[in-house]
Amino acid sequence: VDVESGYGETPEDVAETVRRLIGIGAVGCNIEDVSSNFDGTLEDVNLIVQRIHAARQAADSEGVEFVINARTDGYLYGEGSLAVFSEAVQRANAYLASGARSVFVPGLRDEPLVAEMVNEVNGPLNVLTVPGLPPLDRLQELGVARVSTGSSLSRAAYGSLKSGLRELKGAGTYSYADYAVSFEEMDSLYK
């Protein structure tokens with residue numbers, strides 16, 4: 001479950017979020033460190049460490065092997081500099097030490113940096129499918145543990161819709177339909 005920063009300001013709020021997630025059957029969640037005002041800044045690392053620690057304690061008290069995937073967003077908002085890399089590694093390791101089971105570094109795409117991140121992070125690394133990211137088989141060779149598609153598949157579908165509408169409006173043609181999934185294929189998904 002993607003619970004952004006834990007749906008609460010305090011560590012206690014985040015612990016309550018995790019207890020409620022477990023109550024409905026969830027077995028894991030992302031907790032991210034971007035500021036709740038989404039201005040491109042990251043929350044104080046100590047606050048995120050406290051939130052993750054509280055979430056881990058809550059999950060453990062419920063007796064559930066709950067996966068906390070701690071997300072650090074420096075690459076989504078930074079320029080990809082060495083400082084962003086160093087901070088991502090520092091945050092990732094702090095989050096793992098406080099109870100996360102894996103770390104998620106969306107926006108990381110450069111193969112040498114992905115390889116270096118795998119080596120520097122003290123636990124499983126999760127990356128996001130973004131343009132420029134190496135193919136899945138290469139990521140596996142590099143040691144990436146998990147690859148998330150995030151919203152990319154749905155945004156690609158919207159991109160196809162936008163292209164089809166542009167074709168209809170502009171040329172008045174409908175070659176976009178050549179790529180449509182057949183009714184039979186759609187029906188087979190429900191069997």
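A brief look at the structure comes next. (Residues numbered from 1 in each chain as written. Predicted model: local features only at pLDDT ≥ 70, side-chain atom pairs only at ≥ 80, totals over all residues. Heavy atoms only, no water.)

**Re the overall build of the protein**
We count it as follows: Strands here are runs of E lasting at least two residues and helices are runs of H or I lasting at least four, both read from the DSSP assignment and numbered beginning at the N terminus. Accessible area is worked out with a 1.4 Å probe on protein chains only. A residue is then buried under 20% of its type maximum, exposed over 50%, and partly exposed in between. Any two residues having at least one pair of non-hydrogen atoms within 4.5 Å are treated as being in contact. In these tables, accessible area is a Shrake-Rupley quantity obtained with a 1.4 Å probe, and a residue counts as shielded only by the protein chains included in the view. Positive residues here are Lys and Arg, negative ones are Asp and Glu, while His and the chain termini are left out of the count. By convention, the charge on Lys lies at NZ, on Arg at CZ, on Asp at CG and on Glu at CD.
Along its length, the protein carries eight helices and five strands. In sequence order, the protein lays out its α and β elements as α-β-α-β-α-α-β-α-β-α-β-α-α. In terms of its C-alpha atoms, the protein occupies a principal-axis envelope of roughly 55 × 40 × 35 Å. Within the protein, the fraction of its 191 residues that count as buried is 39%. Counted over contacts in the protein with a minimum sequence separation of 6, partners at least 24 positions apart contribute 60%. When the accessible surface of the protein is summed, it comes to about 11000 Å², and 54% of that surface belongs to carbon and sulfur atoms. Charged side chains of the protein number 15 positive and 28 negative; the gap between the two group centres comes to 4 Å.

**Some thoughts on unusual backbone geometry**
Within the chain, glutamate 4 stands out as a residue other than glycine whose phi angle is a positive 50 degrees. Tracing the backbone shows glutamate 4 in the segment before helix H1 (11–23).

**Description of the sheet that holds strand S1 (residues 28–32)**
What counts, and what does not: At least two DSSP bridges between two strands are required for those strands to pair. Every angle, taken between N-to-C directions, lies between 0 and 180 degrees, and every axis is a line fitted to C-alpha atoms, over only the stretch in contact when it is a helix.
In spatial order, the strands read S1-S2-S3-S4-S5; together these five strands make up an open sheet with parallel pairing. Bordering the open sheet on either side are S1 and strand S5 (146–148), each of which pairs with just one other strand. Each adjacent strand pair in this sheet contributes to an overall mean axis angle of 25 degrees, direction not counted. Judged from the two bridges that link them, strand S3 (residues 102–104) and strand S4 (residues 125–128) form a sheet pairing that is parallel. Looking at the pairing, valine 103 lines up with leucine 125 of S4.

**Let's talk about the pattern of salt bridges**
Basically, it comes down to this: Any Lys or Arg side-chain nitrogen found within 4 Å of a carboxyl oxygen on Asp or Glu counts as a salt bridge.
Counted according to the given criterion, the structure contains 11 salt bridges. Among the ionic pairs, aspartate 33 bridges to arginine 91, the shortest N-O distance being 3.2 Å. Here arginine 91 lies in helix H4 (residues 82–97) and aspartate 33 lies in the loop between S1 and helix H2 (45–61), a separation of 58 residues in the sequence. The same class applies to aspartate 33 as to arginine 91, namely buried. For the salt bridge of glutamate 141 with arginine 138, the shortest nitrogen-to-oxygen distance reads 2.9 Å. Residue glutamate 141 and its partner arginine 138 are both found in helix H6 (residues 136–142); the two are separated by three residues, about one turn of the helix.

**Overview of the nonpolar core**
The following threshold applies: What we call a nonpolar core is a set of buried Ala, Val, Leu, Ile, Met, Phe, Trp, Tyr and Cys residues that are connected through their side-chain atoms within 4.5 Å.
Ile31, Ile52, Phe66, Tyr75, Met117 and Leu125 are the most contacted members of the largest nonpolar core, which has 44 residues in total. Leave out the neighbours within four places in its chain, and phenylalanine 66 touches Val18, Leu21, Ile22, Ala26, Val27, Gly28, Cys29, Arg56, Ala59 and Arg101.

**Let's talk about the packing of H1 against H2**
Put simply, the rule is: Here a crossing is called left-handed whenever its near helix is offset anticlockwise from the far helix by less than a right angle, and right-handed whenever the offset is clockwise. Side-chain classes follow a simple rule in which Ala, Val, Leu, Ile, Met, Phe, Trp, Tyr, Cys and Pro form the nonpolar group, Asp, Glu, Lys and Arg form the charged group, and the remainder, Gly included, forms the polar group.
For the pair H1 and H2, the least separation of the axes is 8 Å and the interaxial angle reads 35 degrees. Seen along the crossing, H1 lies across H2 with a hand that is right-handed. Judged by residue contacts, Pro11, Val14, Ala15, Val18, Arg19 and Ile22 of H1 engage Leu47, Gln50, Arg51, Ala54, Ala55, Ala58 and Ala59 from H2. Residues that form the contact of H1 with H2 fall into these classes: 10 nonpolar, one polar and two charged.

**Quick word on a nonpolar patch on the surface**
So the rule is basically this: The residues that make up patches have over 30% relative accessible area and no salt bridge, and they are joined within 9 Å when like-charged or within 5 Å when they are Val, Leu, Ile, Met, Phe, Trp or Tyr.
A contiguous nonpolar patch, built from Tyr158, Leu161, Leu165, Leu168, Tyr174 and Tyr176 and spanning about 660 Å² of accessible area, is present on the exposed surface. Exposure remark for leucine 168: the relative accessible area of 36% places this residue in the partly exposed category.

**A short note on the side chain of asparagine 126**
Convention followed: For this analysis, a polar contact is any N or O atom pair within 3.5 Å, provided that within protein one partner can donate a hydrogen and the other can accept it, and provided that sequence-adjacent residues contribute only side-chain to side-chain pairs.
Counting through the fold element by element, asparagine 126 comes out in strand S4. There is a polar contact of 2.4 Å between the side chain of asparagine 126 and the side chain of arginine 146.

**Some points on the side chain of serine 98**
With respect to the secondary-structure elements, serine 98 resides in the loop between H4 and S3. Separated by 3.0 Å, the side chain of serine 98 and the backbone oxygen of tyrosine 95 make a polar contact. Among all residues touching serine 98, those that are not within four sequence positions of it are Val49, Ile52, His53 and Arg56.

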